Amino acid sequence: MLLKGERTFVVRDMGGFVAHLNMPGWLKPKPTDHGRGPLAMIVESILDPGRVIAMHEHWNDEIISWVPEGVMRHDDKAAGRLVIDRDHLMVMNAGASFWHSEETLASDPPLRMLQILVRPYAVDLEPKIQHGPMPAAAANVWRHLVGPEGEGAPFYVRSAIDFFDMRLDAGLRVEFPQKQGRDLYFYVFSGSAVVDKQTFAEGEQGLHLSDDKLEVEAQSASTLVAFLLDPNASITRQGTVGDHKKIPPAIIIRAFLRWRKFRHMWRRHLSHRRSKTEKAIGMEQGCP
């Protein structure tokens with residue numbers, strides 16, 4: 001089953017820093033969790049040049065920072081200053097506690113990136129940070145960037161999830177990555193693509209509740225990310241951001257999604273009635 005999610009309605013504007021919060025679990029018709037197994041949240045972050053996010057603490061989140069547009073400048077008490085851009089990736093395994101800051105210089109281009117919040121398998125693990133060059137990207141081929149610790153991916157998280165990215169040329173079709181027993185979640189960072197006869201525009205997302213084969217075809221040149229996740233993995237839900245206490249409970253989201261669906265149906269009904277009325281009036285005015 002492929003579930004489609006439109007561009008997220010959860011947006012936080014903090015003045016020069018805009019965060020679009022995507023909840024994989026909310027794609028389900030009757031969500032019981034904002035995340036899906038080890039994948040808690042995907043945040044599309046936009047920072048203006050010259051914006052500083054002061055030193056702050058994280059714990060019990062595994063945070064992947066993927067930056068295809070612009071430059072993100074990181075600073076922490078352990079590794080010091082690091083630069084993340086289209087050629088470099090960072091994974092912050094926050095564990096028991098990790099402090100860091102983020103900024104863009106006034107001379108930097110606008111930053112648009114994904115910050116991916118992964119739930120670790122246990123609380124208060126050893127804090128670590130990984131930073132380095134990514135493997136060279138090949139056009140129209142999925143690039144494996146992050147996987148479970150000890151399984152050989154270039155970067156790792158302490159959870160049962162794999163992360164891939166790809167730039168797909170217009171008109172080309174490829175299969176998504178697969179792994180037995182794993183669900184697939186994907187996000188269209190730019191462009192437009194068709195998956196299982198459904199069109200996914202920029203900022204839209206899909207959740208495939210199966211490990212069956214699935215293909216994607218780019219309508220325009222597109223950049224996509226994909227995750228293979230174990231929905232039954234052992235996880236903890238105590239992350240500072242990924243499982244923040246202010247995230248609405250599933251029962252509220254179920255009610256909201258029902259209301260939004262009803263509103264959409266009602267608007268379509270009113271639009272249809274208005275069209276019929278206007279057509280009838282036009283016919284009457286055209287009569288002799």
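Please refer to the structure placed before this passage.
Below, the structure is looked at part by part. Just so you know, these numbers come straight off a predicted model, no measurement behind them.

## Examining the packing of aromatic side chains
Okay, step 1: Tallying each qualifying case throughout the model produces eight aromatic pairs.
Okay, step 2: A ring pair is formed by Phe186 and Phe200, whose centres lie 4.9 Å apart and whose planes are at 65°; its orientation type is edge-to-face. With Phe186 in strand β17 (residues 183–195) and Phe200 in strand β18 (residues 198–200), this residue pair connects regions lying 14 residues apart in the sequence.
Okay, step 3: Assessed through its relative accessible area of 0%, Phe186 is described here as buried.
Okay, step 4: Three or more aromatic residues joined by ring pairs make a cluster, and in this case those are Trp66, Phe163, Tyr185, Phe189 and Phe227.
Okay, step 5: Here the guanidinium or amino end of Lys77 rests over the ring plane of Trp99, the centre of that ring lying 5.2 Å away.
Okay, step 6: Here the guanidinium or amino end of Arg112 rests over the ring plane of Phe189, the centre of that ring lying 3.8 Å away.

## Some thoughts on empty space enclosed by the protein
Okay, step 1: Scanning all chains against the criterion turns up two cavities of 30 Å³ or more.
Okay, step 2: Forming the boundary of the largest cavity are Phe176, Pro177, Gln178, Arg182, Asp183, Leu184, His208, Ser210, Asp211, Asp212, Leu214 and Leu228.
Okay, step 3: Of the residues assigned to the lining of the largest cavity, the class counts are five nonpolar, three polar and four charged.
Okay, step 4: When its volume is computed, the second largest cavity comes out at roughly 40 Å³.
Okay, step 5: Looking at the second largest cavity, the residues that line it are Trp66, Val67, Pro68, Asp85, Arg86, Met134, Arg143, Asp165 and Arg167.
Okay, step 6: Contributions of two or more residues to the lining of the second largest cavity are made by β6 (62–69) and β15 (161–168).
Okay, step 7: If one sorts the elements of the lining of the second largest cavity by residue count, β6 sits on top with three residues.

What counts, and at which threshold
- All chains use their own residue numbering, which begins from 1 and follows the written sequence.
- Only residues with pLDDT of at least 70 are given local features in this predicted model, and only at 80 or more are side-chain atom pairs given and counted; all residues enter the totals for whole chains, interfaces and linings.
- Processing note: side-chain calculations cover all non-hydrogen atoms of the structure and skip hydrogens and water entirely.
- For Phe, Tyr and Trp, rings pair up if their centres lie within 6.5 Å, where Trp contributes its six-membered ring, and each pair is then called stacked (planes under 30 degrees apart), edge-to-face (over 60) or tilted (otherwise).
- Runs of E in the DSSP output that reach at least two residues are strands. Runs of H or I that reach at least four are helices, and both are numbered from the N terminus.
- Three exposure classes are used, based on accessible area relative to the maximum for each residue type with a 1.4 Å probe and protein chains only: buried under 20%, partly exposed in between, and exposed over 50%.
- Geometrically, a lysine NZ or arginine CZ counts as sitting over a ring once it is within 6 Å of the ring centre and also within 35 degrees of the ring normal.
- A pocket, in this scheme, is an open set of points on a 1 Å grid over the protein atoms alone with protein on both sides within 12 Å along at least 5 of 7 lines, while a cavity is a set where a 1.4 Å probe fits but cannot get out; residues line either one if an atom lies within 4 Å of a point.
- Grid points are joined across faces, edges and corners, and a volume is the space filled by probe spheres set on the points.
- Residues were grouped as follows: Ala, Val, Leu, Ile, Met, Phe, Trp, Tyr, Cys and Pro as nonpolar; Asp, Glu, Lys and Arg as charged; and all remaining residues, including Gly, as polar.

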